[in-house]
Amino acid sequence: MDIKNRIMICVATAVLGLGLIGGGTYAYFNDTESTRNTFATGEIDVGLNKETIIEMEDIIPGDTANGNFELTNDGTVDMSEVVLHSSYDIIDNNKVNDGDDLGDHIQVKFLSRTNGDGTVISEVTLSELAENPVKVLDEFPAGSKPEPFTVRFEFVDNGEDQNHFQGDILKLNWEFVAEQREGRSNFN
């Protein structure tokens, strides 16, 4: 064997030996802990105890009727507010209304909810309510008891000729929109 081959065998043996020595003497302590974390979103669910609050038939100017309903927070998240959005459709009996809107003649009175004495806390026409949503509740916590409401509807007798409304039908739609509470820092 020539000297070149011997040097190569020595170098290869040295590399192999150092690899075995280094691998065999390399040691360290180790420990592992793991966690499982959960992010579960809450649910906003405003409840209404009835599909129809009121039905008035064969009404004439001066008629009034009360409707009662309850709102509930059936979700898991506190609500910062509940807002009433109102809209309506009119089925005209083909009499000329000359642009007169039946919604201008139906008054909605929100009555006191605490003692039922009939104290008016808000009063608007259906047309005003359709243009301006109304906040009906502030801070409605999850799991709280139902909130009762009484509303009075009145076909206002304005002392003038209202014959053009005979046979007309007003279909009222109310939608209660609940908003979530503010986000919390360092939620626990």
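Right above here is the structure, for reference.
Remember, it's a predicted structure, so these values are computed and weren't measured experimentally. (Residues numbered from 1 in each chain as written. Predicted model: local features only at pLDDT ≥ 70, side-chain atom pairs only at ≥ 80, totals over all residues. Heavy atoms only, no water.)

**Some details on the sheet that holds strand S1 (residues 46–48)**
Pairing between sheet strands relies on hydrogen bonds along the backbone, with the strands arranged either parallel or antiparallel.
Phase 1 of the analysis: Taken in spatial order, the 5 strands of this open sheet run S1-S2-S7-S4-S5, and their pairing is antiparallel. Every other strand in the sheet has two partners, leaving S1 and strand S5 (120–125) as the edge strands with one partner each. Averaged over neighbouring strand pairs, the angle between their axes works out to 25 degrees when direction is ignored. (Pairing = 2+ DSSP bridges. Helix = DSSP H or I, 4+ residues; strand = E, 2+ residues; numbered from the N terminus. Axes fitted to C-alpha atoms, helices over the stretch in contact; angles between N-to-C directions.)

**Re the environment of Asp-157**
Phase 1 of the analysis: Turning to its location among the elements, Asp-157 is positioned in the loop between strand S7 (147–155) and strand S8 (169–180).
Phase 2 of the analysis: For the pair Asp-157 and Ile-106, spaced 51 residues apart in sequence, the C-alpha separation works out to 9.5 Å.
Phase 3 of the analysis: Among residues more than four places away in sequence, those in contact with Asp-157 are Pro-61, Gly-62 and Gln-162. (Contact = heavy atoms within 4.5 Å.)

**Things to note about the environment of Asn-68**
Phase 1 of the analysis: Secondary-structure assignment places Asn-68 in strand S2 (residues 64–73).
Phase 2 of the analysis: A sequence separation of 81 residues divides Asn-68 from Phe-149, and the C-alpha atoms of the two residues are 5.6 Å apart.
Phase 3 of the analysis: Apart from residues no more than four positions distant in its own chain, Asn-68 is found in contact with Lys-50, Ile-53, Phe-149 and Thr-150.
Phase 4 of the analysis: Only 2.8 Å separates the side chain of Asn-68 from the side chain of Thr-150, close enough to count as a polar contact. (Polar contact = N/O pair within 3.5 Å; in protein donor to acceptor, adjacent residues only side chain to side chain.)

**What to know about the nonpolar core**
Phase 1 of the analysis: Core analysis: the largest hydrophobic core is formed by 25 residues, its most contacted members being Phe-69, Leu-71, Val-82, Trp-174 and Phe-176.
Phase 2 of the analysis: Among the elements of the structure, S2, strand S3 (79–91), strand S4 (106–111), helix H2 (126–131), strand S6 (134–140), S7 and S8 are those that each provide at least two residues to this core.
Phase 3 of the analysis: Look past the residues within four positions of Val-82 in its chain and what remains in contact with it is Val-46, Leu-71, Val-134, Lys-135, Val-136, Leu-137, Phe-140, Phe-176, Val-177 and Ala-178. (Core = buried A, V, L, I, M, F, W, Y, C linked by side-chain atoms within 4.5 Å. Buried < 20%, exposed > 50% of the residue type's maximum accessible area, 1.4 Å probe, protein only.)

**Observations concerning the sheet that holds S3**
Phase 1 of the analysis: One open sheet holds the 3 strands; their spatial order is S6-S3-S8, and the pairing between them is antiparallel. On the outer flanks of this sheet lie S6 and S8, each paired with one strand and no other. Sheet twist, expressed as the mean angle between neighbouring strand axes with direction ignored, is 20 degrees.
Phase 2 of the analysis: When S3 meets S8, the two strands line up antiparallel, connected through 12 bridges.

**Things to note about the layout of surface pockets**
Phase 1 of the analysis: There is about 1100 Å³ of room inside the largest pocket.
Phase 2 of the analysis: Lining of the largest pocket is provided by 31 residues; of these, Glu-55, Met-56, Ile-169, Leu-170 and Lys-171 occupy positions nearest its centre.
Phase 3 of the analysis: Those elements giving two or more residues to the lining of the largest pocket turn out to be S7 and S8.
Phase 4 of the analysis: Broken down by element, the lining of the largest pocket gets its largest block of residues, 7 residues, from S8.
Phase 5 of the analysis: Here the residues of the lining of the largest pocket sort into 18 nonpolar, 6 polar and 7 charged. (1 Å grid on protein atoms, 1.4 Å probe; cavity = no way out; pocket = protein on both sides within 12 Å on 5 of 7 lines; lining within 4 Å. Points joined across faces, edges and corners; volume = space filled by probe spheres on them. Nonpolar A, V, L, I, M, F, W, Y, C, P; charged D, E, K, R; others polar.)

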